[in-house]
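Close look at the chain arrangement
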Amino acid sequence: MQQPLSTPARPRDASDLAGSPPLSGKAAQRAGSAAVTRPGRRVRSGSGAFKLLAMVLSCLGASCTRATPQDATATQAAASVPSPGAASPAAGDRPPPDLTRVMSAPELEAASNPVGLVRKTAAATPGYTLVAPLNSRRVHLVDLDGAVVHTWETGFAPGGWCYLLGDGTLLYCGRIDEEPQFRGGGIGGALRRFAPDGSVVWRYDLADASRWQHHDVAPMPNGNVLVLAWVRQTRAEAIARGRDPRGVGEVGLWPDSVFEIRPTLPAGGAIVWEWHAWDHLVQEVDPTKPNHGRRADHPGRIDVNAAFEPPETLSDEDRAKIDDRLRQMAAIGYGGNDAQDPPPDARKKEKPRGKDWSKTGDWLHTNAIDYHAELDLIVLSSPELSEVFVIDHSTTSEEARGSTGGRYGKGGDLLWRWGDPAMHGAGGDAERRLFHQHDPTWIDGPAGELRLLVFNNGGERPGGDFSSVDELVLPFDREHGFRHEPGRPFGPAEPVWTYARRGEFFSGFISGARRLASGNTLVTSGAAGRIFEVTPAGEIVWEYVNPHGGDVTPPEHAGRAPRTALFRADRYAPDHPGVAKLVR
């Protein structure tokens, strides 16, 4: 049961925690660590449309500067053939949409013309890239020449991301399409480990009427797996907690949870730890209901009305933007239950488009999870709120339900959040930094400081839509944890490093970025199925356009994406023990 909002924090000794691996979280797997088996309601000018668009997307989803991204001066390779597969005009009497606003023109061309390897230089980081197309049951390991060196036939379309483990098995999230109890982009339900020969080493389904896995998992050094899942709350339960009745339908509300599963081979497992966003709420609208308080006074809580804006608050400009974006997304084949092609009269202001709460309760749409083993921290990404969160894994499950206990003394409350401080009552448009982001991953800085790398999708960014990869230095020290001034946005004020290229690099949904052992960064522009590696100075040293996918047609209950789209990609070092099992 959720603790009262006034409960004070109480620190706890953590001397029994495990020591530090050479790299944390997913970085350890890529580098070959053998140990790893691994807002409130508020309207800001122009923001309502993209908040609703972000819900509509409900997807699974260079210049280098030291602060805000600027226009690039370098050049990059594009597809060398014309684009016979370009999208046709929209149906009816509507004019063709401007697809360059969904992804950049070179990337759109590349997406329509699979070309495989585009560029390879001597500065590319050695290794093998894991490629799992969204519209395919196959996962490929690709070398630097673009050749496939291994393929797994999984029998499932992706239900999130997958990981190559140290024993050569593939940890995979698969999408269960039979009798789905939930719906939305990123829906999965089936956890599998596949041996190199394709046989199933472990199977576990987290898919029933009350909860369903989606988007991502995180292998842990102890062999357990952290799993993202929706957990259904009824409409009555949501309203009783202060949710606006207009923001929840009969399907209920589906706040996200994290489950730690200890596998039992060859099938099954035990949930040994859990955290629920539903236990950490605040609401400002009804003092007679639980968790009432000012958001600014409780930054460790999530506003139960965050990412919901009543239709009457939208301006005509907002409504027009919603319609325009929906047509663009439908034209490139991305949709699902929340993104049908709008009728010709959709611009009528009395009927704005947005998330259909009668069909979905996907509230936070958490699309990524990563684990820092040394510090026992979990990072989560909510694109609906345009925020990334950090929570404490050192708690017990009981402590994770409240606001005290654990290594950092705050139980399961958010330790740090960043991206849009308006979500906790501490800022406005000027302080917003993330725009429907994906794939935050832990990296350790050169002086041991705690850092995150985030793919910032960039729709509705001031100055125009463009994506960036942002590196953050977190306000954290090992003795006191996260530093935060009450009533102020969480730091940092700006990224310490950014890669962006206006007009040439934009993916409005999915996508990811990973820091490689060389210091280069592997970037996935998901909508275009494009993977490229950049140096710290912004030079593209390897580039590949995914030619695979299209053997799966997404059903109505799952998000749709272009044929060769990628949720993300990852690079594994040649000496990774899992690679040695696959590449002879």
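Data block above holds the structure.
Residues numbered from 1 in each chain as written. Predicted model: local features only at pLDDT ≥ 70, side-chain atom pairs only at ≥ 80, totals over all residues. Heavy atoms only, no water.

**Topic: the sheet that holds strand β3 (residues 128-133)**
Heads up, the rule is: DSSP-based pairing: two strands are paired if at least 2 bridges between them are found. Secondary structure elements follow DSSP: runs of H or I of four or more residues count as helices, runs of E of two or more count as strands, with numbering from the N terminus. In this analysis an axis means a line fitted to C-alpha atoms, helices contributing only their contacting stretch, and an angle means the value between N-to-C directions, from 0 to 180 degrees.
The strand order across the open sheet formed by four strands is β5-β4-β3-β30, and the pairing between neighbours is antiparallel. Each having just a single partner strand, β5 (148-153) and β30 (566-572) make up the two edges of the open sheet. The sheet shows a mean angle of 20 degrees between the axes of neighbouring strands, direction not considered. Taken together, the five bridges between strand β4 (residues 138-142) and β5 define a ladder with antiparallel strand orientation. The residue of β5 that forms the bridge with Leu141 is His150.

**Topic: the sheet that holds strand β11 (residues 225-231)**
Taken together, the four strands give an open sheet; going across it, the order is β10-β11-β12-β13, and neighbouring strands pair in antiparallel fashion. A strand with exactly one partner marks an edge of an open sheet, and here the two such strands are β10 (211-219) and β13 (269-276). Direction aside, neighbouring strands of the sheet carry axes that sit 30 degrees apart on average. Sheet topology places β11 next to strand β12 (residues 256-263); six bridges connect them, and they run antiparallel. Paired with Val225 across the bridge in β12 is Ile261.

**Quick word on the side chain of Ser525**
As a reminder, the rule being used: Only protein chains enter the accessibility calculation, which uses a 1.4 Å probe; a residue is then buried when its area is under 20% of its type maximum, exposed when over 50%, and partly exposed in between. The contact definition used throughout considers only heavy atoms, calling two residues in contact when any of these lie within 4.5 Å.
The residue Ser525 is located in strand β27 (residues 521-525) in this model. Among the residues examined, Ser525 registers a relative accessible area of 0% and is labelled buried. Setting aside anything within four residues of it in sequence, one finds Ser525 in contact with Glu107, Phe505, Phe506, Ser507, Ser511 and Arg530.

**Observations regarding the nonpolar core**
Selection criterion: Among buried residues, the Ala, Val, Leu, Ile, Met, Phe, Trp, Tyr and Cys ones that are joined through side-chain atoms within 4.5 Å form a nonpolar core.
With 49 residues, the main nonpolar core has Leu130, Val139, Trp152, Cys162, Leu170, Leu191 and Val217 as its most contacted residues. The dominant element in this core, judged by the number of residues it contributes, is β11, at five residues. The contact partners of Leu170, leaving out residues within four places of it in the chain, are Leu130, Val139, Trp152, Cys162, Tyr163, Leu164, Arg192, Arg193 and Phe194. Judged by nonpolar contacts, the second largest core, of 33 residues, contains Ile239, Val248, Leu253 and Ile302.

**Considerations on the packing of aromatic side chains**
To be explicit about the condition: What counts as a ring pair is set by centres within 6.5 Å for rings of Phe, Tyr and Trp (its six-membered ring), and what kind of pair is set by the plane angle: stacked under 30 degrees, edge-to-face over 60, tilted for all other angles.
Using the criterion set out here, one finds 14 aromatic pairs in the structure. Between the aromatic rings of Tyr499 and Phe532, the centroid separation amounts to 5.7 Å while the plane-to-plane angle is 55 degrees, which identifies the pairing as tilted. Here Tyr499, found in strand β25 (residues 497-500), pairs with Phe532, found in strand β28 (residues 530-534); they are 33 residues apart in sequence, far enough to count as distant. Their ring planes at 90 degrees and their centres at 5.5 Å tell us that Phe505 and Phe532 sit as a pair that is edge-to-face. Remark: Phe532 occurs in strand β28 and Phe505 occurs in the loop between β25 and β26 (512-515); sequence separation between them is 27 residues. Take Phe505 and Phe532: they sit in the same class, and that class is buried.

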